[in-house]
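# Coordinate inspection notes
Each chain is listed here by its residues.
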Amino acid sequence: MSLNPLEIAAFALMGTALLLGLVRFGLGPRTPDRLVAADTLSVITTAGLAGVAALLASPLYLDVALVYGVLAFVGVVALARAIEGGRQ
Amino acid sequence: MRLAADVFLLLGGLFCVLGSLGLLRMPDVYNRIQAGTKAVTLGALSFLVGVGLLYPQWWAKLLCIGGFILFTNPVGSSSIARALYLSGVRPWTVRESRAAASASAPQQRG
């Protein structure tokens, strides 16, 4: 698919969003900040994989995006349970 | 059709950037959860609508991905916030931040 300037700008914005989230993921003063950054990054990456499918004109990447979203959600919930600690 | 798809793609990218900027700029982890969840959910859904307008034959899988994002992102962030609160992270307040600022620079703040 040939891109026009609007689509190039849209993909550049998605890349910028990923970079900003990655900066917070690296800087994050404590573990919860990194966990929140990882949650946000996973959602942006899921939408970005749908964009990759459009870019390459191949619907195979939509399945990749769906499975990535499921695995990221499970990982985030598991990490949240882990930092919550044991129940009384 | 192509123009509408481009507008939705741009809107999605813009809201994802705004959400990431909020994630970077907000003072507290709870504020960061808000920025990272609401704005990025809107941005991701708008991006998916843009992809669906570019390729209308993919609507079923895009609907699955969009519904999944719409379902799991609030659940995930609520679970993170609940875990943070239960593990003892207290919300940020303006008074504490002013006290910390005046403790670090007493002659400027008075």
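Above this text you will find the structure in question.
A few points on the structure. Not measured: the values here are computed from a predicted model.

### So, the overall build of chain B
A tally of helices and strands in chain B yields five helices and zero strands. Scanning chain B from its N terminus toward the C terminus, one meets helices and strands in the order α-α-α-α-α. For 110 residues, the compact-globule formula gives about 13 Å, and the C-alpha radius of gyration of chain B, at 19 Å, lies well above that figure. Summarising its shape, the C-alpha atoms of chain B cover approximately 65 × 30 × 10 Å along the three principal directions.

### Let's talk about helix α3 (residues 60–84) of chain A
Under the 1.5 Å per step criterion, the end-to-end length of α3 of chain A is 37 Å for 25 residues, consistent within 8% with the ideal 36 Å. Turning to α3 of chain A, its buried residues are Y61, L62, A65, G69, F73, V76, L79 and A80 of chain A. Along its buried surface, α3 of chain A packs onto α2 (31–56) of chain A together with α3 (59–86) of chain B. Just beyond α3 of chain A, the residue with positive phi is G85 of chain A, at close to 85°.

### Considerations on the interface of chain B and chain A
Between chain B and chain A, the contact holds 43 residues from the first and 40 residues from the second. Listing elements by their share of the side of chain B that touches chain A, those giving two or more residues are α1 (2–25), α2 (29–54) and α3 of chain B. With 15 residues, the top contributor of residues to the side of chain B that touches chain A is α3 of chain B. Residue classes in the side of chain B that touches chain A are distributed as 28 nonpolar, twelve polar and three charged.

### Details of the nonpolar core
The biggest cluster of nonpolar side chains holds 49 residues, and the ones touching the most others in it are I44 and A50 of chain A together with C16, A44, L48 and I80 of chain B. Of all the secondary-structure elements, those providing two or more residues to this core are α1 (5–27), α2 and α3 of chain A together with α1, α2 and α3 of chain B. Top element by residues in this core is α2 of chain B. It accounts for twelve residues.

Conventions used here
- Residues numbered from 1 in each chain as written.
- Chains lettered and ligands numbered in written order.
- Predicted model: local features only at pLDDT ≥ 70, side-chain atom pairs only at ≥ 80, totals over all residues.
- Helix = DSSP H or I, 4+ residues; strand = E, 2+ residues; numbered from the N terminus.
- Rg over C-alpha atoms; globule rule 2.2 N^0.38 Å.
- Expected span 1.5 Å × (residues − 1).
- Buried ≥ 20, exposed ≤ 12 C-beta atoms within 10 Å, placed from the backbone.
- Contact = placed C-beta atoms within 7 Å.
- Nonpolar A, V, L, I, M, F, W, Y, C, P; charged D, E, K, R; others polar.
- Core = buried A, V, L, I, M, F, W, Y, C linked by C-beta atoms within 7 Å.

Everything listed here is a matter of coordinates, which is why it stays silent on function.
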